[in-house]
Amino acid sequence: MKTISAKDTLEIISKQWCSSQDFSVLSNTGKNTTLKLMRELRKQLEQDDYFLPTNLLPMDKVVEYLKLNIPYLKRVSNFEGKNIELENHLQK
C-alpha cells in the first residue's frame, strides 16, 4: 500500500462524503478490507438512524471511526511546507 502525506490526507478528509477509494487511502487497506470496514461503519450509522447515500459515508464519522488525529496532521503538514521552504532557501 502506498502511504500519503499529511497534506494529502487533510485534502481527502476535507470532503463531505467518503467514497470507498477515499476510505481505502485513509485506512491504507485493500479493496476487500475497505469494503468490510465500510459495511461495518454503515451498519453502525444506520442503527443510529442515519440515512446514507449509496456507497458513501459521512467523512466526519470516517475520521472518528479510523481515529485520525487532525491536529497532528495539521502540525505535520505545516512542518512539511517549512521543510520545503528551508530546502529551497538552502539551494540558493
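See the structure above.
Because the structure is a prediction, the values reported are computed rather than measured.

Describing the overall build of the chain
Check the secondary structure of the chain and you find five helices and two strands. Shown N-terminal to C-terminal, the secondary structure of the chain runs as helices and strands in the order α-β-α-α-β-α-α. Of all 92 residues assigned to the chain, the portion counted as buried reaches 28%. Sequence-distant contacts in the chain: of pairs separated by 6 or more residues, those separated by 24 or more amount to 57%.

Remarks on the packing of helix α1 (residues 6-13) against helix α2 (residues 20-27)
Where α1 contacts α2, the axes come no closer than 11 Å and their chain directions differ by 145°. Note that α1 runs across α2; the crossing there is left-handed. Between α1 and α2, the contacting residues are T9, I12 and I13 on the first element and D22, V25 and L26 on the second. The residue inventory of the contact of α1 with α2, partitioned by class, reads four nonpolar, one polar and one charged.

About the thresholds
- Residues numbered from 1 in each chain as written.
- Predicted model: local features only at pLDDT ≥ 70, side-chain atom pairs only at ≥ 80, totals over all residues.
- Heavy atoms only, no water.
- Helix = DSSP H or I, 4+ residues; strand = E, 2+ residues; numbered from the N terminus.
- Buried < 20%, exposed > 50% of the residue type's maximum accessible area, 1.4 Å probe, protein only.
- Contact = heavy atoms within 4.5 Å.
- Axes fitted to C-alpha atoms, helices over the stretch in contact; angles between N-to-C directions.
- Left-handed = near helix turned anticlockwise from the far one by under 90°.
- Nonpolar A, V, L, I, M, F, W, Y, C, P; charged D, E, K, R; others polar.

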